[in-house]
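In case you want the letters, here they are:
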Amino acid sequence: VHLEESGGGLVQAGDSLSLSCVVSGGTFSFYAMAWFRQAPGEDRDIVATISSVGTFVYVADSVKDRFTISRDGATSTVFLQMNSLIPEDTAVYYCAAGLTGAALDAGAYRWWGQGTQVTVSP
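Presented here is an overview of the structure given in this document. Everything numeric in this text was worked out from a predicted model, so none of it was measured.

## Things to note about the pattern of salt bridges
Pairing is possible between side chains that carry opposite charge, provided their charged atoms lie close to one another.
Here is step 1 of the chain: Summed over all chains, the structure comprises two salt bridges.
Here is step 2 of the chain: Note that R37 is salt-bridged to D89, the shortest N-O span being 2.9 Å. Of this pair, R37 sits in strand β4 (residues 32-38) while D89 sits in the loop between β8 (77-82) and β9 (91-98), placing them 52 residues apart in sequence.
Here is step 3 of the chain: Exposure remark for D89: the relative accessible area of 1% places this residue in the buried category.
Here is step 4 of the chain: When the shortest N-O distance is used, the salt bridge between R66 and D89 registers 2.7 Å. Of the two residues, R66 sits in the loop between β6 (57-59) and β7 (67-72) while D89 sits in the loop between β8 and β9, which places them 23 residues apart along the sequence.
Here is step 5 of the chain: By sharing partners, the salt bridges in this structure join R37, R66 and D89 into a single network.

What follows is the structure, encoded as structure tokens:
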């Protein structure tokens with residue numbers, strides 16, 4: 001199973017970005033999908049997760065009113081729409097896939113993308 005993220009970049013505070021993660025080599029509909037992020041010197045933290053059929057969604061409190069996770073089975077893609085970005089959102093964002101349900105712990109996810117850098121300037 002291969003995960004390929006895209007959509008990161010350098011933006012200003014208040015801007016929006018949309019991250020995408022395409023899954024290949026497996027059956028997308030089997031996987032719970034998640035986005036994590038890791039800032040320098042920090043732990044890898046959950047941003048959002050969505051169940052395999054999209055009926056359960058969790059978004060971290062720190063981004064709850066600004067970020068949205070969604071998935072498209074036709075293209076085997078999971079998205080993270082990020083609005084009203086702030087400098088504290090600066091991190092490497094990772095896409096993850098797992099078979100044990102939409103969990104909040106990174107250990108529950110078996111497959112990971114390489115990460116995409118998001119940098120938000122003041």
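Let's pick the thread back up.
## Details of the state of the cysteines
Here is step 1 of the chain: Here the structure, examined in full by the defined rule, presents one disulfide.
Here is step 2 of the chain: A sulfur-sulfur separation of 2.1 Å characterises the disulfide bridge that pairs C21 with C95. Classification of the bridge connecting C21 and C95 rests on its S-S torsion, roughly -80 degrees, and on that basis the disulfide is left-handed. Here C95 lies in strand β9 and C21 lies in strand β3 (residues 17-24), a separation of 74 residues in the sequence.
Here is step 3 of the chain: Of the residues examined, C95 reaches a relative accessible area of 0% and is grouped as buried.

Parameters and conventions
Counting starts from 1 at the beginning of each chain's written sequence and moves along it residue by residue. Where totals are concerned, whole chains, interfaces and linings use all residues; where local detail is concerned, this predicted model gives features only for residues with pLDDT of at least 70, and gives and counts side-chain atom pairs only at 80 or more. Side-chain descriptors were evaluated using all non-hydrogen atoms of the structure, hydrogens and water having been removed beforehand. Here, a salt bridge means any Lys or Arg side-chain nitrogen found within 4 Å of an Asp or Glu carboxyl oxygen. Starting at the N terminus, helices and strands are each numbered in turn, a helix being any DSSP run of H or I of at least four residues and a strand any DSSP run of E of at least two. Summary of the burial criterion: residues with accessible area below 20% of their type's maximum are buried, those above 50% are exposed, and those between are partly exposed, where the area comes from a 1.4 Å probe applied to protein chains only. Only a pair of cysteine sulfur atoms within 2.5 Å counts as a disulfide in this structure description.

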